[in-house]
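Residue-level structure breakdown
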Amino acid sequence: MAVIIQNTQIAKNIYKMRVCCGDDAKAGQFYMLRAWANNPTFSRPISICDRDGDEIIFVYEVKGKGTKIFSSLKSGDNIELLGPRGNGHELSAKKCVLIGGGVGIAPLVYLAKQLKSHGAEITAYLGYTNEAFLTEDISKYADKVIENIGGYITDYIDELDADSVYICGPEIMMKKAYELYKYTNAKVYASMERRMACGIGGCLGCNIKTKNGNKKVCSDGPVFKAEDVFYE
Amino acid sequence: MNRLSVDFLGINFKNPIVAASGTFSFGKEFAEFYDINMLGGISFKGLTLNKKEGNEGIRVWECESGMMNSIGLENPGVEEFVEKYTDYTQNIDTVKIVNMGGNNLQEYIKGAELLNKVDFDILELNISCPNVKSGGMLFGVCEESAYEVTKAVKNITRHKLMVKLTPNVTDIASIAKACEEAGADALSLVNTFQAMAIDVLHKKPIFDNIYAGLSGACIKPIALRMVHQTAKAVKIPVMGMGGIYTGTDVLEFLMAGASCVQVGTANFINPLALKNIIKELEAYCEKENINIKDIINII
Ligand SMILES: Cc1cc2nc3c(=O)[nH]c(=O)nc-3n(C[C@H](O)[C@H](O)[C@H](O)COP(=O)(O)OP(=O)(O)OC[C@H]3O[C@@H](n4cnc5c(N)ncnc54)[C@H](O)[C@@H]3O)c2cc1C
Ligand SMILES: Cc1cc2nc3c(=O)[nH]c(=O)nc-3n(C[C@H](O)[C@H](O)[C@H](O)COP(=O)(O)O)c2cc1C
Ligand code: FES
């Protein structure tokens, strides 16, 4: 059980929630969030957007029942956090490209911060449907930020010289972005989403087919090498 | 004194709480959250003779007070399980139940024979599997095929045999009796109810297989009725399940005639669910000054 410090709207349907939690979480990991008893049945997977001392920051889009409940929470309310879960990112890169689409931009904030502290040079491409958010946060760490509203962010990618590329967003966008780097030397990572029941590897609900057989997004992922998941 | 201990098939269970097959994997994931050896037992992820990749598409879907799943029995296969048995069951010091299904009689027989190579407590036979030879009808939906598969496995296995019934039948008592006659040592029920969900936006079924298995609180009242009918129909012990979330739910199943229960979906709501249920039962027995076995089959 954790206490909510702040929960405010930052763009249309997009909320930022600061939660008191001192976990040692890695960029790319997520938590299973729950602010109700038995209904809805499942907890909701939300990525770590950022960390700030003893606080974890989540940025989420209101989609359905669960995220609607999250959006109604006030500071001082409790929320259950199960996590951090998942593998998270490796941070060895020197020259990186981050590509985010929609609320998939959220986890890139903490990733950019971590990469920067490892001395990496960062270019970020951020694609939005209606309204930009978190651009300033990412600009604090990225050397170059390209944003687009309403178009396809993959149309604006011009930096192909990178040793690592991190993509998070809708699956079609991730696939398209991967195609751009497929024949370069860059290592490309995609953060995958699947519906989850347990979030801890116990139900096989979040299965993803990879080049190396079935994997679980919740525990083998959510970060995968793009070549392993977009191989067909 | 342990007020929660129960006897099931001559095996002493620390308490009547067993993790349900397919919801607890082989236990390792939950061991991160609490000492899983406090459980009465664990029914492992359902096995089939050959490794299965499971179903494509969406596999889990939430609904009011429950969920649907279409995992498709993804599992490593009996052979690998037997080969790496010590890895799978390492550090597990409670009643071990191996759950197995099959797509034809031969698969059940071969699987059960291979499982004779390893030691565990109970073989749970999942007969909610389509019989490929009879056009995909589930083994568990008619008396003849339920009898046949139970008898065939009973003949070959050296383990205690518990047959897991499907609730997708018109008369659960007659299927239960057929399994008892065929030599089942115990019965467990219910497996999931066949169900469906539709994506109205795209005008298509949510699941690639169209239908999926319903579990969780929404099935509890029906599951309880079926456990009651079964317990009244047979002399062999019954392990009840279906939508158990709390200690009170467990008490209902025990009073209805189950000697033990399995808990599945609740593990997804809270990985500590089974531990919490055991604590609730301890408090109940303390308060009522009874042993849990005193309330079994009193209704
Ligand atoms: C590893 C991971 C990290 C994520 N990080 C974020 C994040 O940082 N910010 C954010 O806004 N969203 C994130 N998502 C997506 C988010 O989990 C879903 O948008 C959310 O669960 C929708 O819940 P709901 O109750 O609003 O929608 P409903 O439609 O009511 O949800 C019904 C069920 O479907 C599941 N579901 C619906 N959409 C998705 C989806 N896209 N991915 C997985 N499950 C889904 C829900 O969890 C729930 O079990 C992440 C998903 C995953 C898998
Ligand atoms: C994700 C999931 C996977 C399951 N896998 C199996 C399985 O492999 N074998 C089996 O006999 N039952 C399986 N079941 C059924 C459960 O063991 C149990 O019978 C059913 O879910 C009802 O109990 P519950 O309402 O407590 O979940 C599965 C259920 C779920 C939700
Ligand atoms: S959500 Fe249960 S295994 Fe991943």
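Up top you'll find the structure we're talking about.
The shown structure was predicted, so the numbers you read here are calculated from the model rather than taken from an experiment.

Opposite the 29 residues of chain B that make contact, chain A presents 26 residues. Buried surface at the junction of chain B and chain A, both sides included, amounts to about 2300 Å², of which 54% is carbon and sulfur. Interface area lost by chain B to chain A is led by E62(B), F268(B) and I269(B), which between them contribute 27%. A salt bridge links R85(A) to E32(B); its shortest N-O distance comes to 3.0 Å. Listing elements by their share of the side of chain B that touches chain A, those giving two or more residues are α1 (28–31), β5 (60–63), β6 (66–69) and α9 (266–269) of chain B. Of the residues forming the side of chain B that touches chain A, the biggest block, 4 residues, is contributed by β5(B). Its residues placed into classes, the side of chain B that touches chain A shows 13 nonpolar, 7 polar and 9 charged.

Looking now at the environment of T135(A). All names here are of chain A. You can see T135 is positioned in helix α3 (residues 135–139). As a C-alpha pair, T135 and V109 span 26 residues in sequence and 8.9 Å in three-dimensional space. Leaving out residues up to four positions away in the same chain, T135 has contacts with L126, Y128, V145 and E147.

Turning our attention to the sheet that holds strand β7 (residues 95–100) of chain B. Residue and element names in this part refer to chain B. Within the closed barrel, the 8 strands sit side by side as β3-β4-β7-β8-β11-β12-β17-β18. Their pairing is parallel. Taken over all neighbouring pairs, the strand axes of this sheet differ in orientation by 25 degrees on average, direction set aside. Taken together, the 5 bridges between strand β8 (residues 122–126) and strand β11 (residues 160–164) define a ladder with parallel strand orientation. Residue pairing across strands places E124 opposite M162, the latter belonging to β11. The sheet strands contacting helix α8 (residues 247–256) are β3 (17–19), β17 (238–241) and β18 (260–263), and the helix crosses β18 at an angle near 140 degrees. Against the sheet, helix α10 (residues 273–288) touches β3 and β18, its axis set at about 175 degrees to β3.

A few words on the nonpolar core. Judged by nonpolar contacts, the single largest core of 140 residues is most densely connected at I99(A), F13(B), I17(B), L39(B), L115(B), I127(B) and L165(B). The leading source of residues in this core is α10(B), at 6 residues. Structurally, this core is a two-domain feature, drawing no fewer than three residues from each of domain 1 (2–85) and domain 2 (95–191) of chain A. Not counting chain neighbours up to four residues away, the residues in contact with L115(B) comprise V78(B), F81(B), V82(B), V98(B), M100(B), F120(B), L123(B) and H159(B). Counting 52 residues, the second-largest nonpolar core is a separate cluster that includes L98(A), A106(A), Y128(A) and Y141(A).

Residue and element names in this part refer to chain B. Taken together, the neighbourhood of ligand 2 is formed by 25 residues, with S21, K164, G216, G243 and T265 sitting nearest. In this structure, an oxygen atom belonging to ligand 2 sits 3.5 Å away from a side-chain N or O atom of N191. Between an oxygen atom of ligand 2 and a main-chain N or O atom of G264, the distance comes to 2.9 Å. Relative to its free-state accessible area of 610 Å², ligand 2 is covered by the protein chains to the extent of 97%. Considering only residue class, the shell around ligand 2 consists of 8 nonpolar, 15 polar and 2 charged.

What follows deals with the packing of helix α6 (residues 172–181) of chain B against helix α7 (residues 220–233) of chain B. Residues and elements named next belong to chain B. Interhelical geometry of α6 versus α7 gives an angle of 45 degrees and a closest axis separation of 9 Å. Classed by the angle they form, the pair α6 and α7 counts as oblique. The handedness of the crossing between α6 and α7 is right-handed. Side by side, α6 and α7 meet where I172, A173, A176, K177 and E180 of the first sit next to M226, Q229, T230 and A233 of the second. Within the contact of α6 with α7, the residues separate by chemical class into 5 nonpolar, 2 polar and 2 charged.

Turning to the pattern of salt bridges, a few remarks are in order. Tallied over the full model, the rule gives 25 salt bridges over all chains. A salt bridge links E252(B) to K220(B), with the nearest nitrogen and oxygen atoms 2.6 Å apart. Remark: K220(B) occurs in helix α7 and E252(B) occurs in helix α8; sequence separation between them is 32 residues. According to the relative accessible area criterion, E252(B) is partly exposed, its value standing at 31%. Taken together, the shared-partner salt bridges connect R18(A), D52(A) and E55(A) into one network.

Attention shifts here to the side chain of T94(B). Residues and elements named next belong to chain B. When you line up the elements, T94 lands in the loop between α3 (85–89) and β7. On the basis of relative accessible area, T94 is assigned to the buried category, the value being 9%. Polar side-chain contacts of T94 include one of 2.6 Å to the backbone oxygen of L39. Every residue in contact with T94, bar those within four places of it in the chain, is listed here: K14, I36, N37, L39, G40, G41, I42 and D121.

What follows concerns unusual backbone geometry. Note the cis peptide between N39(A) and P40(A), where omega equals -5 degrees. Of note, the bond from G83(A) into P84(A) is cis; its omega dihedral lies within 30 degrees of zero at 0 degrees. Inspection of the secondary structure assignment puts P84(A) in strand β7 (residues 78–85). In the Ramachandran plot, L9(B) falls in the positive-phi region, its phi being about 55 degrees despite a non-glycine side chain. Despite not being glycine, I210(B) has its phi angle at roughly 70 degrees, a positive value. Tracing the chain through its elements places I210(B) in the loop between β15 (204–205) and β16 (211–215). For I210(B), a relative accessible area of 37% translates into the label partly exposed.

What counts, and at which threshold
- Residues numbered from 1 in each chain as written.
- Chains lettered and ligands numbered in written order.
- Predicted model: local features only at pLDDT ≥ 70, side-chain atom pairs only at ≥ 80, totals over all residues.
- Heavy atoms only, no water.
- Contact = heavy atoms within 4.5 Å.
- Buried area = accessible area lost by both parts, 1.4 Å probe.
- Salt bridge = Lys/Arg side-chain N within 4 Å of Asp/Glu carboxyl O.
- Helix = DSSP H or I, 4+ residues; strand = E, 2+ residues; numbered from the N terminus.
- Nonpolar A, V, L, I, M, F, W, Y, C, P; charged D, E, K, R; others polar.
- Pairing = 2+ DSSP bridges.
- Axes fitted to C-alpha atoms, helices over the stretch in contact; angles between N-to-C directions.
- Core = buried A, V, L, I, M, F, W, Y, C linked by side-chain atoms within 4.5 Å.
- Buried < 20%, exposed > 50% of the residue type's maximum accessible area, 1.4 Å probe, protein only.
- Domains from an automatic or database assignment.
- Near = heavy atom within 4 Å.
- Polar contact = N/O pair within 3.5 Å; in protein donor to acceptor, adjacent residues only side chain to side chain.
- Areas by Shrake-Rupley, 256 points an atom, 1.4 Å probe, with all protein chains shown as cover.
- Parallel < 35°, antiparallel > 145°, perpendicular 65-115°, else oblique.
- Left-handed = near helix turned anticlockwise from the far one by under 90°.

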